[in-house]
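These are the residues of each chain, in order.
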Number of protein chains: 2
Amino acid sequence: MSKEKKSALQENKGVSSSEVTNESSINSIKSKRKKSLDAATVITSILDKNITALSRAITLVESKNPKHLQQAHTILKGCLPYANRSVRIGITGVPGVGKSTFIEALGKYLLSKGKRVAVLAIDPSSSVTKGSILGDKTRMEDLVKDKNAFIRPSASGDSLGGVARKTRETIILCEAAGFDIIIIETVGVGQNETIVHSMVDFFLLLKLAGAGDELQGIKRGIIEMADVIAINKADGDNLKRAKLAQIEFSRALDLYPQRSSNWQPKVSICSAIKNEGIDAIWKLIQDYIKITSQNNYFDLKRNEQNKYWLIQTIEAQLKTDFFNTPKIKKELKKQLKRIETNQTTPFAAADYLLKLQ
Amino acid sequence: MSKEKKSALQENKGVSSSEVTNESSINSIKSKRKKSLDAATVITSILDKNITALSRAITLVESKNPKHLQQAHTILKGCLPYANRSVRIGITGVPGVGKSTFIEALGKYLLSKGKRVAVLAIDPSSSVTKGSILGDKTRMEDLVKDKNAFIRPSASGDSLGGVARKTRETIILCEAAGFDIIIIETVGVGQNETIVHSMVDFFLLLKLAGAGDELQGIKRGIIEMADVIAINKADGDNLKRAKLAQIEFSRALDLYPQRSSNWQPKVSICSAIKNEGIDAIWKLIQDYIKITSQNNYFDLKRNEQNKYWLIQTIEAQLKTDFFNTPKIKKELKKQLKRIETNQTTPFAAADYLLKLQ
């Protein structure tokens, strides 16, 4: 890729034009679909904002076939220099909070501002339920139809770590394909939020004004992660309650110590279905990016996230390699039996097993 | 060790007599102190409730000298068949809550009931502060003087995992030395509580009746671990507030789902300094043991804890071995640099480093 090309791409950043689709590269991809893909062609096509090529590359990333993964690796490497230029926004909330409606409203607002928006999801349960998030694309009808929007359901996988890796790699591909805003959706279940938080720049928690104690039942960890809490469905009879919840959450947030980002988390109210308050939330996200870019926290956080994923991936693989060795599997059972019958301690058993490696 | 000896030890369980000190074994240990210890002699002496031998064995467990650790290993192996017979109680609370006074009051109460009580501590910070918990033994004067009580400050160590391992091994030694009740004290800081929780049968959270919102600022995770919450300093002007806090905490506990132990956690009030409410708390501990022994949860939990420590130890060692390899150390730095400059992804870097093993 020439320097001119790169600078042209940089200029494109933040601009809505995806007209530059390279017809010849699409045809080239289509004709090669059945055969093995030429990585260089795919890379060029992705950089040309070709959605077919992008989808195809994501499919390779999500594949379990080692040959596909090798191709994915090559494509990712080629895309890397053009990645890292979007704003990555994590959005979470319990089922029923209106995540899809909110994302559609935010997405449409951003499209109207000339942005290109990709929506991904992390939902490891989707392999069981056949896609509970974003699986039903009709939920975001208007976004799906827009050529400057790209929606992809959650990768499936046996482990949250595996799903996370695939999503992280998909972010790189989407960024190389010129998407300015990457939204990662997740449901407020288990470790999903922590995983999403570790791959986004900005984390938005969607809440409803509930009956009674607003703070009851909310996981403290999630409040600590949220950069903005948006109370959705703040319309009609619900508006007053939403405003009260806003005050209560703001007070709760004030109790937390100052963050290293220097950003004081905010509480906002909105009605995604009525398109109200969406602009104010985008304004907050922009404020956040401005502050954290100026104090260098934005880049620092991305760097820390990269280190985190490097270490996490290594640690997970070390464990998998060890515990999946047939010899270890067999001896582990024996040692557990010995521990149960007071013949050894967990520590002596660990030492014994480690020496078998 | 003969079967008669073992059955004699079992009969001794719960009885206050430690008179059976074997004089000859003490002398034998003293004369050998400068030389390498004879493990068999140490084991016999520990089983004879010889405190000098017990202390010496704990020192070996805490040593960094590989030769000492080998001896410790042999002694632990010999003690194992006589361990596992105590009740292990974890006690936590923020500084100022009156942990030492409470443990002294509970310890003295248990001694009066004919129990033998060992008090250990987990406080990894003690290597820096020269022992903030139990370091100042004068804080538990009455306990220190009693021959049926044994107090040992926190092992020091570079890692919480290392300190935890030493404490777990010390529990085995104390149990072999005929202690019926092992109290593990910790401060409410960081991961300490989780570590202590993973090695005790019963977990007690000490609290004060504070001003204002009782539940504000308490870590939810700790409430979930507590089998009993005891509100200390419930005396004088404070009594009324303590009773209110008791009601509030009880309500909060009721919101949690039923535990697999079938034990419904209780909230108690006490004044350790006035020796009030200590008997009621001991009664609750006994109730807990009765219920969980009958439904087999007690043994199940110990088994799960053993498995947890086995897996934890292996995982920690795998990481240490990997990241301390000089080649990996060097290449890790390079890969981090490459990630920072967008030349590789965290995942590709991880794959690369893992292949270097």
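Right, let's get into the overall build of chain A. Looking only at helices and strands, one finds 16 helices and seven strands in chain A. Looking at chain A as a whole, 51% of its 357 residues are labelled buried. Here the analysis covers contacts within chain A between residues at least 6 apart in sequence; of these, 74% occur between residues at least 24 apart.

Turning to the sheet that holds strand β6 (residues 228-232) of chain A, a few remarks are in order. Residue and element names in this part refer to chain A. Read across the open sheet, the seven strands follow the order β3-β2-β4-β1-β5-β6-β7; overall the sheet is parallel. With partners counted over all chains shown, the strands left at the sheet margins are β3 (149-151) and β7 (266-269), one partner each. Neighbour-to-neighbour, the strand axes of this sheet turn through a mean angle of 20°, independent of strand direction. In this structure, strand β1 (residues 87-93) lies alongside strand β5 (residues 202-208), joined through four bridges in parallel fashion. Each bridged residue has a counterpart across the sheet, and for Gly90 the counterpart in β5 is Phe203. Running over the sheet, helix α9 (residues 160-176) touches β1, β2 (117-122), β3 and β4 (181-187) and is turned about 175° from β2.

On to the pairing of strand β4 (residues 181-187) of chain B. All names here are of chain B. Across the seven residues that make up β4, a large majority, seven, are buried. Of the two faces of β4, the one lined by Ile181, Ile183, Glu185 and Val187 and the one lined by Ile182, Ile184 and Thr186 are each fully buried. Summarising the sheet, strand β2 (residues 117-122) and β4 pair through six bridges and their orientation is parallel. Among the inter-strand pairings, Val119 is bridged to a residue of β4, identified as Ile183.

Attention now moves to the packing of aromatic side chains. This structure, assessed with the given rule, holds 12 aromatic pairs over all chains. Aromatic pair Trp263 of chain A and Tyr288 of chain A: ring centres 5.4 Å apart, planes at 85°, arrangement edge-to-face. One end of the pair, Trp263 of chain A, is in the loop between α12 (239-254) and β7; the other, Tyr288 of chain A, is in helix α13 (residues 278-294), and 25 residues separate them in sequence. Taking the relative accessible area as the measure of exposure, Trp263 of chain A reaches 2% and is therefore buried. Look at Tyr288 of chain A and you get buried, because its relative accessible area is 1%. Consider the rings of Phe347 of chain A and Trp309 of chain B, whose centres lie 6.0 Å apart with planes at 55°: the pair is tilted. Within this pair, whereas Phe347 of chain A is found in helix α16 (residues 346-356), its partner Trp309 of chain B is found in helix α14 (residues 297-323), the two belonging to separate chains. With relative accessibility at 2%, the residue Phe347 of chain A sits in the buried group. Looking at Lys266 of chain A, its charged tip hangs above the ring of Trp263 of chain A, at a distance of 4.2 Å from the centre.

Let's shift gears to the interface of chain B and chain A. Listed per partner, the contact involves 44 residues of chain B and 44 residues of chain A. When chain B packs against chain A, the two sides together hide about 4100 Å² of surface, and 72% of this comes from carbon and sulfur. Taken together, the connections running from chain B to chain A amount to four salt bridges. A salt bridge links Lys319 of chain B to Glu315 of chain A; the nearest nitrogen and oxygen atoms lie 3.6 Å apart. Linking chain B to chain A there are four residue pairs in polar contact (both at pLDDT 80 or more). Element by element, the count of residues in the side of chain B that touches chain A is highest for α14 of chain B, at 14 residues. Residues that form the side of chain B that touches chain A fall into these classes: 22 nonpolar, 13 polar and nine charged.

When chain B is fitted to chain A, the best match, at an RMSD of 0.1 Å, comes from turning it 180° and sliding it 0.0 Å along the axis. On this basis, the relationship between the two copies can be described by a two-fold rotation axis. It is Leu318 of chain B whose C-alpha, among those of chain B, lies nearest the rotation axis, at 3.4 Å. Both copies present the same face, since 100% of the interface residues in chain B are matched by interface residues at the equivalent positions in chain A.

Pairing between side chains of opposite charge can happen when the charged atoms of each approach one another. A complete count under the given rule lists 24 salt bridges over all chains for this structure. Residues joined by salt bridges that share partners form a network here, namely Lys108, Asp142 and Lys145 of chain A.

All right, on to the confidence of the model for chain A then. Residues and elements named next belong to chain A. Of the residues in chain A, 81% have a pLDDT of 70 or more, and the chain-wide mean is 84. In the model, residues 1-21 has pLDDT below 50 throughout and makes 35 contacts with residues more than four positions away in sequence or in other chains. Counting contacts from residues 127-132, a segment whose pLDDT is below 50, to residues more than four positions away or on other chains yields seven contacts. The ipTM assigned to the predicted complex is 0.76, against a pTM of 0.73.

Attention shifts here to the packing of helix α15 (residues 326-340) of chain A against α14 of chain B. Contact geometry of α15 of chain A with α14 of chain B gives a least axis separation of 10 Å together with a crossing angle of 135°. Judged by the angle between their axes, α15 of chain A and α14 of chain B are oblique. Once α15 of chain A is placed against α14 of chain B, the crossing between them reads as right-handed. Taking contact as the criterion, the partners of Leu332, Leu336, Ile339 and Glu340 of chain A in α15 of chain A are, on α14 of chain B, Asn303, Asn306, Lys307 and Leu310 of chain B. Of the residues in the contact of α15 of chain A with α14 of chain B, the class split is four nonpolar, two polar and two charged.

What counts as what
Residues numbered from 1 in each chain as written. Chains lettered and ligands numbered in written order. Predicted model: local features only at pLDDT ≥ 70, side-chain atom pairs only at ≥ 80, totals over all residues. Heavy atoms only, no water. Helix = DSSP H or I, 4+ residues; strand = E, 2+ residues; numbered from the N terminus. Buried < 20%, exposed > 50% of the residue type's maximum accessible area, 1.4 Å probe, protein only. Contact = heavy atoms within 4.5 Å. Pairing = 2+ DSSP bridges. Axes fitted to C-alpha atoms, helices over the stretch in contact; angles between N-to-C directions. Phe/Tyr/Trp six-rings, centres within 6.5 Å; stacked < 30°, edge-to-face > 60°. Lys NZ or Arg CZ within 6 Å of the ring centre and 35° of its normal. Buried area = accessible area lost by both parts, 1.4 Å probe. Salt bridge = Lys/Arg side-chain N within 4 Å of Asp/Glu carboxyl O. Polar contact = N/O pair within 3.5 Å; in protein donor to acceptor, adjacent residues only side chain to side chain. Nonpolar A, V, L, I, M, F, W, Y, C, P; charged D, E, K, R; others polar. Least-squares fit on C-alpha atoms with pLDDT ≥ 70 in both. pLDDT = per-residue confidence, 0-100. Parallel < 35°, antiparallel > 145°, perpendicular 65-115°, else oblique. Left-handed = near helix turned anticlockwise from the far one by under 90°.

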